[in-house]
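Overview (structure and organization)
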Amino acid sequence: MMLPDIPRLYTALAEWLACMLYVLALRPRFGKVATALLSGGWLLAMGAFLQFTGRVPLVWWIPCMAAAVGGMYLMLLSVCEISALEAGYCCAPAFILAEFAASLEWQLHCYLWPERSGFHPVSLLLMAVVYAGVYAFTFWFDFRRGGQGRQAAVVAGGRSLGSAVVMAVTAFAVSNLSFAQAGSNTMSVFYIRTLVDFAGVLILSIQQEQLREARLHEELSAMDNVLRRQYEQYRQSKENIHLLNRRYHDLKVQIAAIRAERDPGKQAAALDEMESGIRMYEAQNKTGNPVLDTLLTAKSLYCQQHDINLTCVADGHLLDFMTTADICTIVGTALDNATESVETIADTEKRLIRTAVYAQNGFV
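From a predicted model like this one, the values you see are computed outputs, not experimental measurements. (Residues numbered from 1 in each chain as written. Predicted model: local features only at pLDDT ≥ 70, side-chain atom pairs only at ≥ 80, totals over all residues. Heavy atoms only, no water.)

This brings us to the overall build of the protein. In terms of helices and strands, the protein carries 11 helices and 2 strands. Across the protein, helices and strands are ordered from the amino to the carboxyl terminus as α-α-α-α-α-α-α-α-α-α-β-α-β. In the protein, buried positions account for 36% of the 364 residues. Of the contacts made within the protein by residues no fewer than 6 positions apart, 75% connect residues no fewer than 24 positions apart. Of the roughly 21,500 Å² that the protein leaves accessible, carbon and sulfur atoms contribute 64%. (Helix = DSSP H or I, 4+ residues; strand = E, 2+ residues; numbered from the N terminus. Buried < 20%, exposed > 50% of the residue type's maximum accessible area, 1.4 Å probe, protein only. Contact = heavy atoms within 4.5 Å. Areas by Shrake-Rupley, 256 points an atom, 1.4 Å probe, with all protein chains shown as cover.)

Shown next, in the form of structure tokens:
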């Protein structure tokens, strides 16, 4: 028995609702009122286009479906604050989800009322119940449950976009292949289409879950690096405090010796020597860039504790164009490598590090 095909307006509504899931999950490009008006406009445009192309020759069916997918893509791109690549990645699973929802609803409709039009009040109620169930479950399971993870999963590369498009096109082609082969709409054809569309939804959901997990692994790795760096800074601070306590004790001994000295000339010479040493230490860490000064100060204290002679001639203003993170990465890594290298030298007299920051031929 020949069964009627899915009404075009049903398909348009399914595609619009699939896009609205992303509109609700992602950051909108405009305010609430503008987003609502723009989304409503896209609903009217999708419905009008699919209704207008409902009786085109079969040869125009694929171009019309491609244009419908293009409408979904433009809706996501215009309503959500995402890039063109991200909109394409969202469009693929949204299209297959819409195909599954429309196919499932119409399969139930044909099973219950095989000869009834799709715009009967009871059939409209069935459509509302099925669409509400499918999209509400998808929003809870794949969007709301993931929280901000869904937005993170959207940030995919070109390879992820390509695989998503290939899987969506394959699922759509296989699900509709039975219509071209059978030449008629039978319940078995609807079963195949619904099953294949459901498989496509599952495959794309699994891919998105994998992207989310990969993103979480990257965030955990970055957090682990930060925590490790903080622990290293804690150890360095502990060693610096120990070194400062030693210096403080040495200064107390020197001050006591100066006070015990009765010769004013020797007292003045000892004070001058102490002041000269302090000025020399200050001069080594006044480069004009506070970030570089901090790095050099911490490394100088470390070098003093490990019998390393660190000298520095640096114009810190040359690094003002760099961010704090870049300076810490480049300069900090170089100093760490240098100290680790010279610590392997047994002779402490040969533990020498020279640090220089200067401009030459337009380069730093």
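Averaged over the protein, the pLDDT score is 81; the fraction of residues at 70 or greater is 87%. For the protein, the element scoring lowest by mean pLDDT is helix H6 (residues 149-154), at 45; strand S2 (residues 352-357) scores highest, at 93. (pLDDT = per-residue confidence, 0-100.)

Looking now at helix H3 (residues 61-79). For H3, with 19 residues, the first-to-last C-alpha span of 27 Å sits near the 27 Å given by 1.5 Å per residue. Buried residues of H3: Cys 64, Met 65, Ala 68, Gly 71, Met 72, Met 75, Leu 76 and Val 79, and no others. Angular distribution of buried residues about the axis of H3 spans 130°; they occupy a single face of the element. (Expected span 1.5 Å × (residues − 1). Arc of directions from axis to C-beta.)

Before going further, it helps to examine the pairing of strand S1 (residues 309-314). Sheet topology note: the S1/S2 ladder contains 6 bridges and is parallel. By the bridge assignment for S2, Thr 311 is matched with Arg 354. With helix H11 (residues 324-342) bridging S1 and its parallel neighbour S2, the resulting β-α-β unit is left-handed. (Pairing = 2+ DSSP bridges. Right-handed = clockwise from strand over helix to strand, strands pointing away.)

Evaluated as defined, the whole model comprises 1 salt bridge. Across the salt bridge formed by Asp 336 and Lys 299, the nearest N and O atoms sit 2.8 Å from each other. Here Asp 336 is found in helix H11, whereas its partner Lys 299 is found in helix H10 (residues 290-305), with 37 residues between them in sequence. Take Lys 299: its relative accessible area is 11%, and that puts it in the buried class. (Salt bridge = Lys/Arg side-chain N within 4 Å of Asp/Glu carboxyl O.)

Moving on, we come to the side chain of Arg 351. Relative to the assigned elements, Arg 351 resides in the loop between H11 and S2. Of the side chains bearing the opposite charge, Asp 307 lies closest to the buried Arg 351, which forms no salt bridge; the N-O distance is 5.0 Å. One polar contact links the side chain of Arg 351 to the main-chain carbonyl oxygen of His 306, over a distance of 2.9 Å. Leave out the neighbours within four places in its chain, and Arg 351 touches His 306, Asp 307, Ile 308, Asn 309, Val 342, Glu 343, Ile 345 and Ala 346. (Lys, Arg positive; Asp, Glu negative; His and termini not counted. Polar contact = N/O pair within 3.5 Å; in protein donor to acceptor, adjacent residues only side chain to side chain.)

Below, the discussion takes up the packing of aromatic side chains. Throughout the structure, instances matching the rule amount to 5 aromatic pairs. Look at Phe 100 and Phe 198: their rings are 5.4 Å apart centre to centre, the planes differ by 40°, and that puts the pair in the tilted class. With Phe 100 in helix H4 (residues 84-112) and Phe 198 in helix H8 (residues 187-260), this residue pair connects regions lying 98 residues apart in the sequence. Take Phe 100: its relative accessible area is 12%, and that puts it in the buried class. With a centroid separation of 6.1 Å and an interplanar angle of 45°, the aromatic rings of Phe 137 and Trp 140 are classed as tilted. Here Phe 137 and its partner Trp 140 are both found in helix H5 (residues 121-144), 3 residues apart, which amounts to about one turn of the helix. The positively charged end of Lys 299 is found above the aromatic ring belonging to Tyr 302, 5.0 Å away from the centroid. (Phe/Tyr/Trp six-rings, centres within 6.5 Å; stacked < 30°, edge-to-face > 60°. Lys NZ or Arg CZ within 6 Å of the ring centre and 35° of its normal.)

Here the focus is the environment of His 317. Tracing the sequence through the fold places His 317 in the loop between S1 and H11. Taking C-alpha positions, His 317 is 9.5 Å from Pro 290, a pair spaced 27 residues apart along the chain. When neighbours within four sequence positions are excluded, His 317 is seen to be in contact with Thr 287 and Gly 288.

So, on to the environment of Tyr 111. With respect to the helices, strands and loops of the structure, Tyr 111 is situated in helix H4. The spatial distance from the C-alpha of Tyr 111 to the C-alpha of Phe 190 is 10.0 Å, given a sequence separation of 79 residues. In contact with Tyr 111, other than residues within four places in its own chain, are Met 187 and Tyr 191.

Okay, helix H2 (residues 32-52) next. Its 21 residues give H2 an end-to-end C-alpha distance of 30 Å, which sits within 8% of 30 Å, the value for a rise of 1.5 Å per residue. Taken as a whole, H2 has its buried residues at Thr 35, Ser 39, Trp 42, Met 46, Gly 47 and Leu 50. In an axial view of H2, the angular spread of the buried residues amounts to 130°, which keeps them on one side of the axis. Across H2 from its buried face, at more than 90 degrees, point the exposed residues Val 33, Leu 37, Leu 44 and Phe 52. The elements touched by buried residues of H2 are helix H1 (8-25) and H3.

What follows concerns the nonpolar core. Core analysis: the biggest nonpolar cluster contains 53 residues, and Met 46, Met 72, Met 75, Leu 76, Ile 96, Tyr 131 and Tyr 135 have the highest contact counts within it. Contributions of two or more residues to this core are made by H1, H2, H3, H4, H5, helix H7 (158-182) and H8. Beyond its immediate chain neighbours, meaning those up to four positions away, Tyr 135 contacts Ala 14, Leu 17, Ala 18, Leu 21, Leu 97, Ala 98 and Ala 101. One finds Val 291, Leu 292, Leu 319 and Leu 335 within the second-largest nonpolar core, a separate group that totals 10 residues. (Core = buried A, V, L, I, M, F, W, Y, C linked by side-chain atoms within 4.5 Å.)

Moving on: the packing of H3 against H4. Following both chains from N to C, one finds H3 and H4 inclined at 125°, their axes separated by 9 Å at the closest point. The orientation of H3 relative to H4 falls into the category oblique. For the element pair H3 and H4, the recorded crossing hand is right-handed. Residues Met 65, Val 69, Met 72, Tyr 73, Leu 76 and Leu 77 of H3 lie in contact with H4, whose contacting residues are Ala 84, Ala 87, Gly 88, Cys 90, Cys 91, Ala 94, Phe 95 and Glu 99. In terms of residue class, the contact of H3 with H4 is built from 12 nonpolar, 1 polar and 1 charged. (Axes fitted to C-alpha atoms, helices over the stretch in contact; angles between N-to-C directions. Parallel < 35°, antiparallel > 145°, perpendicular 65-115°, else oblique. Left-handed = near helix turned anticlockwise from the far one by under 90°. Nonpolar A, V, L, I, M, F, W, Y, C, P; charged D, E, K, R; others polar.)

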